[in-house]
Protein chains: 2
Amino acid sequence: MKPPRSSRNDVFLKYKLWLSALSGEGIIGEGQYKLLRAIEEHGSLKAASDILETSYRKAWGDIKKAEELLGYDLTEKHRGGKDGGKSILSEKAKTLLEAYDALHKKMDDAIEDAYSDFKETIK
Amino acid sequence: MKPPRSSRNDVFLKYKLWLSALSGEGIIGEGQYKLLRAIEEHGSLKAASDILETSYRKAWGDIKKAEELLGYDLTEKHRGGKDGGKSILSEKAKTLLEAYDALHKKMDDAIEDAYSDFKETIK
DNA sequence: AGGCGATATGTAATGAATCCCATATCGAAC
DNA sequence: GTTCGATATGGGATTCATTACATATCGCCT
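Residue and element names in this part refer to chain B. Burial analysis of strand S1 (residues 11-21) places eight of its eleven residues in the buried class, which makes it a mostly covered element. For S1 and strand S2 (residues 26-28), the ladder comprises two bridges, and the chain directions are antiparallel. The residue of S2 that forms the bridge with Ser 20 is Gly 26. The turn linking S1 back onto S2 is made up of four residues, and Gly 24 within it adopts a positive phi angle of 100°.

So this is what it looks like as structure tokens:
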């Protein structure tokens, strides 16, 4: 063993939650959630990817993949126009985000409960 | 959009849960859990990594890292001997695995509840 | 004493995910 | 009808996790 960096149980629980296709491929996770929210707020995929400091290329690919897996559009895409183009969340996307929020809240509560028990057992 | 591969909501929720250090590094997740259980069952890290079809190198590194982060040993390691060596779970590791089981059960229940609501919202 | 097989650990090769660059297309506004 | 900036997409470069390989050490057993 290496130097015991700490004798304290300075550990905690983390989790990730995502919507998955039957194939096992992830559809909507934390990343996509943030991306969609950013699109909603800033009005374009470009602005969203800039804000999130990820590449436009990846953001675009993620949205596209999610839409293909879901079988419906998450954004209404517009090229050209005054500002060169824009992206707007579809109604389904908005519903999805709402559901995702509710879901996360539930899981947060559950994990909080579970955590106290966990630490109890672990000491 | 691409051909709508499915008009059905054939999606489901998945989650990952793990014990993390303050630094953010993962300590015990699904992989380590399985690895420790395999060590418990088969008596050596070698056998465990073979069964799990992962490299011995990675398995060994994972255990080592987890032990360093936790500050205590998860396995009693023995080199040499009749079978060349062996690894046995420490008492703390056993307790940890028990707690992890309980935790997962709770989370599974929670996610099951959350899922029905989720599908309800999504339709 | 020597052999065997697992622990222990460094380093090079591989492969997948992501980023970076480049280019095409669109359409409202001027 | 020209300009502008975002959508759209391919392809090469890079980063990062894992595997593969290589080598040393240990200690019971014969």
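On we go from here.
Let's shift gears to the pattern of salt bridges. With the rule as written, the count across this model stands at 18 salt bridges over all chains. Residue Arg 37 of chain A is joined to Glu 40 of chain A by a salt bridge in which the shortest nitrogen-to-oxygen separation is 3.0 Å. Here Glu 40 of chain A and Arg 37 of chain A lie together in helix H1 (residues 30-42), a separation of three residues that amounts to about one turn. Judged by relative accessible area, which is 21%, Arg 37 of chain A ranks as partly exposed. With a closest N to O distance of 3.8 Å, Glu 25 of chain B and Lys 65 of chain B form a salt bridge. Here Glu 25 of chain B, found in the loop between S1 and S2, pairs with Lys 65 of chain B, found in helix H3 (residues 56-70); they are 40 residues apart in sequence, far enough to count as distant. Residue Glu 25 of chain B is classed as partly exposed on the basis of its relative accessible area, which comes to 31%. Classification of Lys 65 of chain B as partly exposed rests on a relative accessible area of 38%.

This brings us to the protein's contact with DNA strand D. As a structural note, the neighbourhood of DNA strand D is formed by 24 residues, with Leu 45, Lys 46, Trp 60 and Gly 84 of chain A together with Gly 81 of chain B the closest of them. Here the atoms of DNA strand D within 4 Å of the protein split so that 63% fall in sugar or phosphate, with bases taking the remainder. A distance of 2.9 Å separates a base nitrogen of DNA strand D from a polar backbone atom of Gly 84 of chain A. Among the elements of the structure, helix H2 (45-51), helix H3 (56-70), strand S3 (75-79) and strand S4 (85-89) of chain A together with H3 of chain B are those that each provide at least two residues to the surface near DNA strand D. In terms of residues, the surface near DNA strand D owes the most to one element, H3 of chain A, which gives four residues. Here the residues of the surface near DNA strand D sort into three nonpolar, ten polar and eleven charged.

Residue and element names in this part refer to chain B. An ideal rise of 1.5 Å per residue puts 18 Å on 13 residues; helix H1 (residues 30-42) measures up with 18 Å between its terminal C-alpha atoms. The complete set of buried residues in H1 reads Gln 32, Tyr 33, Leu 35, Leu 36, Ala 38 and Ile 39. Downstream of H1 by a residue or two, Gly 43 has a phi angle that is positive, lying close to 85°.

Calculation notes
Position labels on residues start from 1 in each chain and follow its written sequence. All chains are assigned letters beginning at A, and all ligands numbers beginning at 1, according to the order in which they are written. pLDDT decides what is reported in this predicted model: residues at 70 or higher carry local features, side-chain atom pairs at 80 or more are listed and counted, and totals for whole chains, interfaces and linings draw on all residues regardless. With hydrogens and water set aside, each side-chain value is computed from the structure's full complement of heavy atoms. For every residue, the accessible area (1.4 Å probe, protein chains only) is compared with the maximum for its type, and the residue is labelled buried under 20%, exposed over 50%, or partly exposed between those bounds. The helix and strand labels rest on DSSP assignments: H or I over at least four residues marks a helix, E over at least two residues marks a strand, and numbering proceeds from the N terminus. Criterion used throughout: strands pair if DSSP finds at least two bridges between them. Definition used for salt bridges: Asp or Glu carboxyl oxygen within 4 Å of a side-chain nitrogen of Lys or Arg. Any residue with a heavy atom positioned within 4 Å of a molecule or strand is treated as near that molecule or strand. Whenever two N or O atoms come within 3.5 Å, that pair is a polar contact, provided that in protein one can donate a hydrogen and the other can accept it, and provided that, for residues adjacent in sequence, both atoms are side-chain atoms. Charged means Asp, Glu, Lys or Arg here, nonpolar means Ala, Val, Leu, Ile, Met, Phe, Trp, Tyr, Cys or Pro, and polar covers whatever is left, Gly included. A helix is expected to span 1.5 Å multiplied by its residue count minus one.

Such coordinate-based values are descriptive only and should not be taken to indicate function.
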